[in-house]
Amino acid sequence: MEQKRSKSANRQKPNQNKPVKQPANGNKPKSGNGRGVSRSAAIRAQKRSVEDAQKMLNQYANASQKVDKRERANTVVDDFNKLKITFLGGLDDVGEKNTTIIEYQNDAIVLDCGNNLGVDLPGINYEVIDPAYLETIKHKIKAYVITHGHLDHIGGLKHIVPKFPAPIYGTPYTIGIVEKTFEDVPAGQEHYTPKTITMSMDNHEKLKVGEFFIEFLRLTHAIPDAAAAVVKSPVGTVIAAGDFRLDPEPLDRMPSDIHRLKELGDEGVLALLSDSTNAEKEGRTPTEHTLQKSFTDIIKTAPGRIMVAVFSSNMNRTQMIINAAVESGRKVALDGRSMMAYAEIAVRQGLLRVPKGTIMAMKDAANVPDDQLLVMCTGGQGEPNAALQRMSEGNHQYIKLKPGDTVVVSSTPIPGNEVRYDAIGNRIAKLGAHLFRHPTHEIDGCGPLHVSGHGRREELREMIRYVRPRFHIPVHGGMLRRRYHAELAIQEGWKRSNVILANNGESYLLTTDKAEPAGEVPHGSLLVDQTGAIVSNVVVKDRIMLASEGMVAVVLTIDKKTGSLLTSPDILTRGFIYIRDSEELMNGLRTELKRAVQQRYKRVDLDRFKQELKEHVTHYLYEQTQRSPIVIPVVNVIGGKANGDNNKSKNKQDDKSPEQMADEQQQRFAELRAKLLSSAKKGD
């Protein structure tokens, strides 16, 4: 009905007192489907494009863009003798910028400080927390306490710590990885060397940090030296379990410290922050060492080269693959920057044992017989530019996949990454290599190739029973998984009022017998590109709109004295249409632009003219194509004296005559026009 009313309105008032809206042929404008389109329809279409882009960005909004009517933390509630826990990240998804703040009076510690690699926005590599709240408590921050070395727990440190300096506490392998990340300096930031403090888990070392005592407790995960952070405060003990599974028989023979968990439970635990990633899966996560036979069988029987894609931080799995390679008489080449970095630290700390002469450089792989080579690489999730991804695309510097090769992908797709995971499998299959993957291992003819680093429901139950916290706080994995985890705790006998389902940005105040909401703090995300630089959300929104609708730039050169065009309008497009296939549309647009200059240029000031020009071009293009590209009008006013028209300048340059200034303007415009036209031809 609205469209019909608009058409009727146009028939009654075709000009709307603005003659520039008329098409060149004098007839009623037609859209690509033959229907007339009102200016309001074009504006609504453009508004929808802006709103769609904004919806994509809303989940990554920074603190200043989030508007919440709920009470801000610290505005009403007295928190002086209470323990305050604030969640800045880590609750909305799997692997999502885990960051929690624990405060007591004038002391605060930051538990983990990660990034989120699962950001699907143009030109964006990952997101980190917006540190707006940290700015308000920067005088209180005494330490960063890190549970383990995965990027969703440490990837934000190099962006945050230089702004709010404090020592970083962690276990040996974790600190090694943290120090490595600071070697990559974000664009526009000076090199920063953090103060790091390495703590021993196995002798239960405790260090005093302000009003807190910090301890690390060994838990098994998919990376060495993973730990729960135990924070003892005057109010009570908080255990942040990090990511964990309760594997009783890990390959490195360093199982979870169940005895210490029970001791802490006996002493009394105020709150448990527990991993919910696998809260929807019954049973237990299988132990890691059960995969050894699968790798050995494949590596022993494969006829040609073998490529194994594995998470670069999983040293237990790396050890199994190296064991099988050595047993089969194969050399091992490590490919991928992160693979090399994690392995180097593990070897140095004695966590990875490699027989002498086993590891070789990638550049020497071509000199090794096919049946004696194994390449361990990154990219099993189809990550852009990772080693296996480049092999599947034929872009790898040293390896060109071929029939007879064997590719082993030792992972399952991370939630939300199923499309990339399948895409890389399809490319490898087209190249003729034999592919083994965990999700299809039974069809592929091998044993299991992956186990999760996160415990399932039975392990979550055990954690609750061991620790027996007064308040159970499910974290990680998103609200649905956390709700499953919360219901599990209630099944185990916990009161619903003592199970807390928080949201990112929320604070809670804890006493020995009560937990109360304390409102919301400033929170959100900062977007980071491949260089490590922070990218404005406004820029990303423009990128989204450009990707969706494209761009049109119109360049007009107007004589300042007469107000007429000096040259035919130049039109440049990117991502909208192919100009050479749209000659009629471009000619019509040029005619409309000429009409606009004739009828409106001398009647309004320059800024108003540009705005009208933008609206008019938007309307015309939507009429013809039903699309709303970003329109950029460029108006160059050339020649005439300083007081020659309504767009006169009040600024005088004493050193140059008006004629000299006009000549310089003409020259600058000629250079600009040549550059733009040259760029357009290259794009064609």
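Residues numbered from 1 in each chain as written. Predicted model: local features only at pLDDT ≥ 70, side-chain atom pairs only at ≥ 80, totals over all residues. Heavy atoms only, no water.

1. A closer look at the overall build of the protein
The test is simple: For helices the rule is a DSSP run of H or I covering at least 4 residues; for strands it is a run of E covering at least 2, with both sets numbered from the N terminus onward. Shrake-Rupley sampling with a 1.4 Å probe provides the accessible areas, and residues are treated as covered by the protein chains on show and by no other component.
The number of helices and strands found in the protein is 19 helices and 27 strands. When the accessible surface of the protein is summed, it comes to about 31200 Å², and 49% of that surface belongs to carbon and sulfur atoms.

2. As for the nonpolar core
Quick note on the threshold: Here, nonpolar core means buried Ala, Val, Leu, Ile, Met, Phe, Trp, Tyr and Cys residues that are tied together by side-chain atoms lying within 4.5 Å of each other. Each residue is placed in one exposure class: buried if its accessible area under a 1.4 Å probe, protein chains only, is under 20% of its type's maximum, exposed if it is over 50%, and partly exposed if it falls in between. Note on contacts: a residue pair is in contact if any heavy atoms of the two residues lie within 4.5 Å.
If you look at the biggest cluster of nonpolar residues, it comprises 57 residues, and the most contacted ones within it are L134, Y144 and L157. The element contributing the most residues to this core is helix α9 (residues 315-327), with six residues. In this structure, L134 is in contact with L88, I101, V110, I129, I141, I160 and F164, ignoring residues within four places of it in sequence. Membership of the second largest hydrophobic core comes to 33 residues, among which are A143, M201, A227 and L273.

3. Quick notes on the sheet that holds strand β16 (residues 359-360)
Quick reminder of the rule: Two strands are said to pair when DSSP picks up at least two bridges between them. Note on method: axes are straight lines fitted to C-alpha atoms, helices fitted across the in-contact stretch only, with angles between N-to-C directions ranging 0 to 180 degrees.
With parallel pairing, the six strands of this open sheet are ordered in space as β16-β15-β17-β14-β18-β19. Only two strands of the sheet have a single neighbouring strand rather than two, namely β16 and β19 (434-437). In this sheet, strand β17 (residues 373-377) lies alongside strand β14 (residues 306-309) in parallel orientation, the contact comprising four bridges. The residue of β17 that forms the bridge with V308 is M376. Across the sheet, α9 touches β14, β15 (331-335), β16 and β17, and the angle it forms with β17 is around 175°. Where helix α10 (residues 337-348) meets the sheet, it contacts β15 and β17, and its direction lies at approximately 115° from that of β15.

4. Some words on unusual backbone geometry
Positive phi values are uncommon outside glycine, yet N385 reaches one of about 70°. Tracing the backbone shows N385 in the loop between β17 and α11 (387-393). Within the chain, Q626 stands out as a residue other than glycine whose phi angle is a positive 60°. Structurally, Q626 is set in the loop between α18 (606-625) and β27 (630-638).

5. A short note on the packing of aromatic side chains
Heads up, the condition is: Two rings belonging to Phe, Tyr or Trp (six-membered ring only in the last case) form a pair when the distance between their centres is within 6.5 Å. Interplanar angles under 30 degrees mark stacking, angles over 60 mark edge-to-face geometry, and anything in between is tilted. Any Lys NZ or Arg CZ found within 6 Å of a ring centre and within 35 degrees of that ring's normal is scored as a charge over the ring.
Here the structure, examined in full by the defined rule, presents three aromatic pairs. Ring centres of Y173 and Y342 lie 6.5 Å apart, and the angle between their planes is 50°; on these two criteria the pair is classed as tilted. Taken as a pair, Y173 in helix α6 (residues 172-181) and Y342 in helix α10 lie far apart in primary sequence, 169 residues in all. Between K208 and the ring centre of F213, over which it is positioned, the NZ or CZ distance is 5.9 Å.

6. Brief notes about helix α15 (residues 479-491)
Cut-off, in case you're wondering: Helix span is expected to be 1.5 Å times the residue number reduced by one. The arc in question is the one spanned by the directions pointing from the helix axis to the C-beta atoms.
Taking 1.5 Å of rise per residue, the 13 residues of α15 would be expected to cover 18 Å, and the 18 Å separating its terminal C-alpha atoms lies within 8% of that figure. Inspection of α15 places R481, R482, H485, A486, L488 and A489 among the buried residues, and these make up the whole buried set. One side of α15 carries all its buried residues, which in axial view fall inside an arc of 155°. Summarising the geometry of α15, the exposed residues directed more than 90 degrees from the buried face are L480 and Q491.

7. Some remarks on the environment of D130
Within the secondary structure layout, D130 lies in the loop between β5 (126-129) and α3 (132-136). As for D130 and L527, which are separated by 397 residues in sequence, their C-alpha atoms are 9.1 Å apart. Look past the residues within four positions of D130 in its chain and what remains in contact with it is N62, A63, G524, S525 and L526.

8. A closer look at the pairing of strand β26 (residues 570-574)
Of all five residues that make up β26, four are buried, and the element is covered over most of its length. Relative to β26, strand β25 (residues 551-559) runs antiparallel, the two sharing five bridges. Bridged to V554 within β26 is I571.

9. Here we look at the packing of helix α14 (residues 457-467) against α15
The cut-off we apply is this: Oblique is the label for every angle not falling under 35 degrees (roughly parallel), over 145 degrees (roughly antiparallel), or within 65 to 115 degrees (roughly perpendicular). Whether a crossing is left-handed or right-handed is set by the direction in which the near helix is turned from the far one by less than a right angle, anticlockwise for left-handed and clockwise for right-handed.
Following both chains from N to C, one finds α14 and α15 inclined at 55°, their axes separated by 10 Å at the closest point. Between α14 and α15, the crossing angle belongs to the class labelled oblique. Between α14 and α15 lies a crossing of right-handed hand. Contacts from R457, L460, R461 and I464 in α14 reach Y484, H485, L488, A489 and Q491 in α15.

10. Points about the pattern of salt bridges
The test is simple: Salt-bridge detection follows one rule: a side-chain nitrogen of Lys or Arg within 4 Å of a carboxyl oxygen of Asp or Glu.
According to the stated counting rule, one finds 38 salt bridges in the structure shown. Linking R218 and D225 is a salt bridge whose minimum nitrogen-to-oxygen distance equals 3.6 Å. Across the pair E492 and R461 runs a salt bridge whose closest N-O atoms are separated by 3.7 Å. With a gap of 31 residues between them, E492 in the loop between α15 and β21 (506-510) and R461 in helix α14 connect regions that are remote in the sequence. Under the relative-accessibility criterion, R461 is labelled buried at 12%. What emerges from the salt-bridge pattern is a single network uniting E282, R457, E458, R461, R465 and E492.

11. Side note on the confidence of the model for the protein
Put simply, the rule reads: Every residue gets a pLDDT, meaning the predictor's confidence in that residue, from 0 to 100.
Averaged over all residues, the pLDDT of the protein equals 87, while 86% of them reach at least 70. This model gives residues 1-35 a pLDDT under 50, and the stretch forms 50 contacts once residues within four places in sequence are excluded.

12. Notes on the pairing of strand β18 (residues 406-409)
In the case of a regular strand, side chains alternate between the two sheet surfaces. To keep things clear, this is the line we draw: If you view a crossover with the strands going away from you and the path from the first strand over the helix to the second runs clockwise, you call it right-handed.
Burial of β18 is two-sided: the residues T406 and V408 facing one way and the residues V407 and V409 facing the other way are all buried. In terms of strand pairing, β14 meets β18 through four bridges, oriented parallel. Paired with V308 across the bridge in β18 is V408. Traced from β18 through helix α12 (residues 418-430) to β19, the parallel crossover comes out right-handed.

13. Notes on the sheet that holds strand β9 (residues 206-209)
The six strands are arranged β9-β10-β11-β12-β13-β20 in an open sheet whose pairing can be described as mixed. Where the open sheet ends on each side, the last strands, each with one partner, are β9 and β20 (471-475). Within the sheet, the average angular offset between the axes of one strand and its neighbour, ignoring direction, is 20°. Where strand β12 (residues 237-240) meets strand β13 (residues 271-275), three bridges bridge the pair, whose relative direction is parallel. Residue A240 lies in a different strand from β13, and its bridge partner there is L273. Across the sheet, α15 touches β13 and β20, and the angle it forms with β20 is around 155°.

14. Observations concerning α10
An α-helix turns once every 3.6 residues. As a result, residues three or four positions apart point the same way. With twelve residues, α10 should reach 16 Å at 1.5 Å per residue; the first-to-last C-alpha distance of 17 Å fits that figure. When we look at burial in α10, the residues that qualify are M339, A341, Y342, A343, I345 and A346. Where α10 is buried, its residues meet α6, α9, β15 and β17.

15. Thoughts on the environment of H396
Short version of the rule: Between N or O atoms, a polar contact is any pair within 3.5 Å; within protein, one atom must be a potential hydrogen donor and the other a potential acceptor, and residues adjacent in sequence are included only when both atoms are from side chains.
Relative to the helices and strands, H396 is located in the loop between α11 and β18. For the pair formed by H396 and A386, sequence separation is ten residues and the distance between their alpha carbons is 9.6 Å. In contact with H396, not counting residues within four places along its chain, are D335, M362, A387, R390 and M391. Within the local environment of H396, its side chain forms a polar contact with the side chain of D335, the two groups lying 2.4 Å apart. From its side chain, H396 meets the backbone nitrogen of I399 in a polar contact 3.0 Å long.

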